[in-house]
Amino acid sequence: MSIRVRFFAGLRERLGRAETEVSADEGLTVQGVWEMTAGGEPLPASVLTALNHEYVDADRSVHDGDEVAFFPPVTGGQR
Amino acid sequence: MSIRVRFFAGLRERLGRAETEVSADEGLTVQGVWEMTAGGEPLPASVLTALNHEYVDADRSVHDGDEVAFFPPVTGGQR
Amino acid sequence: MRVQICEAPFDPWAALQAYQEERRDDLGSFGATAVFVGTMRDFNEGAEVECMTLEHYPGMTEKEVARIVEQANLRWQIIDTLVVHRIGDIYPTDPIVLAAVWSTHRGDALDSCRHIMEALKSRAPFWKKESRAGSGRWVERNTSGYKAS
Amino acid sequence: MRVQICEAPFDPWAALQAYQEERRDDLGSFGATAVFVGTMRDFNEGAEVECMTLEHYPGMTEKEVARIVEQANLRWQIIDTLVVHRIGDIYPTDPIVLAAVWSTHRGDALDSCRHIMEALKSRAPFWKKESRAGSGRWVERNTSGYKAS
């Protein structure tokens, strides 16, 4: 199966990539996607995870055609 | 001394007057002004009293040149 | 601070735009604006209100609204405030009251705007007479237009 | 309900005026409008911020803001809602976010507007990078512009 992976903001700059694709067998989790794409760094507790444009926990399974996103804490709304 | 007296809204319509003047000796209270101008009716508990554009209790003394106002509960702000 | 009692219909968004433009230099580094607009509804306890008339006490009303705003200034950090209140004959969909607070902080703007609205309702000398089917009655509790809660 | 993510500067008062005019028939008998506008301040922890850049997640951001508004609709009696959020390069005094709620009741309008602002801050995918003296840094907590409390 094929998964689209996206990174945003400071995380995107730190990893040096905005987006990538991974191919894997069924059974992969969001956490597993991170491990395949983030260059060996463990998933930081502060990083938020989304699956198909919705917040999910990192233990959620992914499926063919899914879009997974990793990003830092949000700072929207105001300030 | 001379006191200007004003009535508003439903109270003005019920008493049939918007405004009057009373002449009296010093020592008169807002309550006393009501008794001199409202045709014998006791001051209703719901009526609000103001002296020189500020809310006061009815036992406040009035002085020459003062403006006393009587009016129903307010319904401003919204709706 | 501006307190405006107005006899003609007003557009709250145009009033805000004009006021903010006019005060651009004084508003300084505000970060938060909280606004409340009360508009005349046309349903009141089931019967259709065709028109209402708001009476005020010229002289006292302006002072009492200013006192309300000044007290809010003591309690919250406020940069500027605009209050506009209609009087006279008001028809359904007419704006009745606008309260706007400019502040550095979101919480101060929201809390003080709400407080000013509560205080206007309970303390500002305005009286409402509703007309329906040709007859008028004075409203002595806050029941209509938009509901208080 | 409208959720608008916009790259160009916007005038919140003009946006409100236009939206209310456009929705005139749908807004029905609203009596209360509560509005919050967040504006970019130019002071952040003492250092002057010259510009900030707001990044979003196209697709998810719009959906998440819509979810926030839909959840507010379940909890409060709301007639309509407008949320406008800037992205891109933002300069001091630029409006950043507008949240407006039209309701029958004053309490519903004020409470839901505040809730939407809180939820935008904690859940909507926006990220802020501040520039000062030519260097940029990502802000990972809500600290600047206007303060959260």
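Note: the structure precedes this text.
Residues numbered from 1 in each chain as written. Chains lettered and ligands numbered in written order. Predicted model: local features only at pLDDT ≥ 70, side-chain atom pairs only at ≥ 80, totals over all residues. Heavy atoms only, no water.

Thoughts on the overall build of chain A
Right, on to step 1. The number of helices and strands found in chain A is 2 helices and 5 strands.
Right, on to step 2. In chain A, the succession of helices and strands from N to C terminus is β-α-β-α-β-β-β.
Right, on to step 3. Its C-alpha atoms put chain A at 40 × 25 × 20 Å along the principal axes.
Right, on to step 4. A burial count over chain A gives 51% of its 79 residues as buried.
Right, on to step 5. Intrachain contacts of chain A at a sequence separation of at least 6 include 51% that bridge at least 24 residues.
Right, on to step 6. Surface summary for chain A: the accessible area is close to 3500 Å², and the carbon and sulfur share equals 45%.
Right, on to step 7. Within chain A, one finds 7 positive and 13 negative side-chain charges whose respective centroids are separated by 10 Å. (Helix = DSSP H or I, 4+ residues; strand = E, 2+ residues; numbered from the N terminus. Buried < 20%, exposed > 50% of the residue type's maximum accessible area, 1.4 Å probe, protein only. Contact = heavy atoms within 4.5 Å. Areas by Shrake-Rupley, 256 points an atom, 1.4 Å probe, with all protein chains shown as cover. Lys, Arg positive; Asp, Glu negative; His and termini not counted. Charge placed at Lys NZ, Arg CZ, Asp CG, Glu CD.)

Here's the deal with the interface of chain C and chain B
Right, on to step 1. Listed by partner, the interface residues are 33 residues for chain C and 21 residues for chain B.
Right, on to step 2. Of all residues in chain C, Y57, W127 and E140 of chain C bury the most surface against chain B, accounting for 29% of the area lost on that side.
Right, on to step 3. Between chain C and chain B we count 3 salt bridges in total.
Right, on to step 4. The salt bridge involving E54 of chain B is made with R67 of chain C; its shortest N-O contact spans 3.7 Å.
Right, on to step 5. For the pair chain C and chain B, the interface holds 11 residue pairs in polar contact (both at pLDDT 80 or more).
Right, on to step 6. Take the side of chain C that touches chain B: its biggest share by element is 5 residues, from helix α4 (residues 106-123) of chain C. (Buried area = accessible area lost by both parts, 1.4 Å probe. Salt bridge = Lys/Arg side-chain N within 4 Å of Asp/Glu carboxyl O. Polar contact = N/O pair within 3.5 Å; in protein donor to acceptor, adjacent residues only side chain to side chain.)

Topic: the pattern of salt bridges
Right, on to step 1. What the rule picks out here adds up to 36 salt bridges over all chains.
Right, on to step 2. Of the charged contacts in the structure, one is a salt bridge between R114 of chain D and D111 of chain C, with a shortest N-O distance of 2.4 Å. Pair noted here: R114 of chain D is in helix α4 (residues 106-123) and D111 of chain C is in helix α4, and the two residues belong to different chains.
Right, on to step 3. The class of R114 of chain D is partly exposed, set by a relative accessible area of 23%.
Right, on to step 4. By relative accessible area, D111 of chain C is classed as partly exposed at 30%.
Right, on to step 5. Taking the shortest distance from any N to any O, the salt bridge between R67 of chain D and E64 of chain D comes out at 2.8 Å.

Considering empty space enclosed by the protein
Right, on to step 1. Taken as a whole and judged by the stated rule, the model has 3 cavities of 30 Å³ or more.
Right, on to step 2. Along its surface, the largest cavity is lined by A34, V35, L110, C113 and R114 of chain C together with A34, V35, L110, C113 and R114 of chain D.
Right, on to step 3. Those elements that place two or more of their residues in the lining of the largest cavity are β2 (32-39) and α4 of chain C together with β2 (32-39) and α4 of chain D.
Right, on to step 4. Along the lines of polarity and charge, the residues of the lining of the largest cavity split into 8 nonpolar, no polar and 2 charged. (1 Å grid on protein atoms, 1.4 Å probe; cavity = no way out; pocket = protein on both sides within 12 Å on 5 of 7 lines; lining within 4 Å. Points joined across faces, edges and corners; volume = space filled by probe spheres on them. Nonpolar A, V, L, I, M, F, W, Y, C, P; charged D, E, K, R; others polar.)

Considering the pairing of strand β9 (residues 126-132) of chain D
Residue and element names in this part refer to chain D.
Right, on to step 1. With 6 of 7 residues buried, β9 lies mostly within the body of the structure.
Right, on to step 2. Pairing of strand β5 (residues 51-56) with β9, which is carried by 6 bridges, proceeds in the antiparallel orientation. In the strand pairing of β9, H56 is matched with F126.
Right, on to step 3. In the sheet, β9 pairs with strand β10 (residues 135-139) via 5 bridges, with the strands oriented antiparallel. (Pairing = 2+ DSSP bridges.)

Details of the sheet that holds strand β7 (residues 88-90) of chain C
Residues and elements named next belong to chain C.
Right, on to step 1. On the basis of which strands lie adjacent, the open sheet formed by 4 strands has the order β7-β5-β9-β10 and antiparallel pairing. Both outer strands of the open sheet, β7 and β10 (135-139), are each paired with one neighbouring strand and no more. Averaged over all adjacent pairs, the angle separating strand axes in this sheet is 25°, with direction ignored. (Axes fitted to C-alpha atoms, helices over the stretch in contact; angles between N-to-C directions.)

Some thoughts on the interface of chain C and chain D
Right, on to step 1. In this complex, chain C contributes 34 residues to the contact, which on the side of chain D involves 34 residues.
Right, on to step 2. Both faces considered, chain C and chain D share a buried interface measuring about 3200 Å² in area, 52% of it formed by carbon and sulfur atoms.
Right, on to step 3. When the buried surface of chain C facing chain D is broken down by residue, W13, R106 and R114 of chain C rank first, second and third, together holding 26% of it.
Right, on to step 4. Scanning the region where chain C abuts chain D turns up 4 salt bridges.
Right, on to step 5. Here chain C is connected to chain D by 15 residue pairs in polar contact (both at pLDDT 80 or more).
Right, on to step 6. Taken together, the elements giving at least two residues each to the side of chain C that touches chain D come down to α1 (12-22), β2 and α4 of chain C.
Right, on to step 7. A class-by-class count of the residues in the side of chain C that touches chain D yields 14 nonpolar, 11 polar and 9 charged.
Right, on to step 8. Across 7 bridges, β2 of chain C lies against β2 of chain D in antiparallel orientation. Residue pairing across strands places V35 of chain C opposite V35 of chain D, the latter belonging to β2 of chain D.

Digging into the relation of the copies chain C and chain D
Right, on to step 1. In the superposition of chain C on chain D (RMSD 0.0 Å, axial shift 0.0 Å), the rotation amounts to 180°. Put plainly, the chains are arranged around a two-fold axis.
Right, on to step 2. Both copies present the same face, since 100% of the interface residues in chain C are matched by interface residues at the equivalent positions in chain D. (Least-squares fit on C-alpha atoms with pLDDT ≥ 70 in both.)

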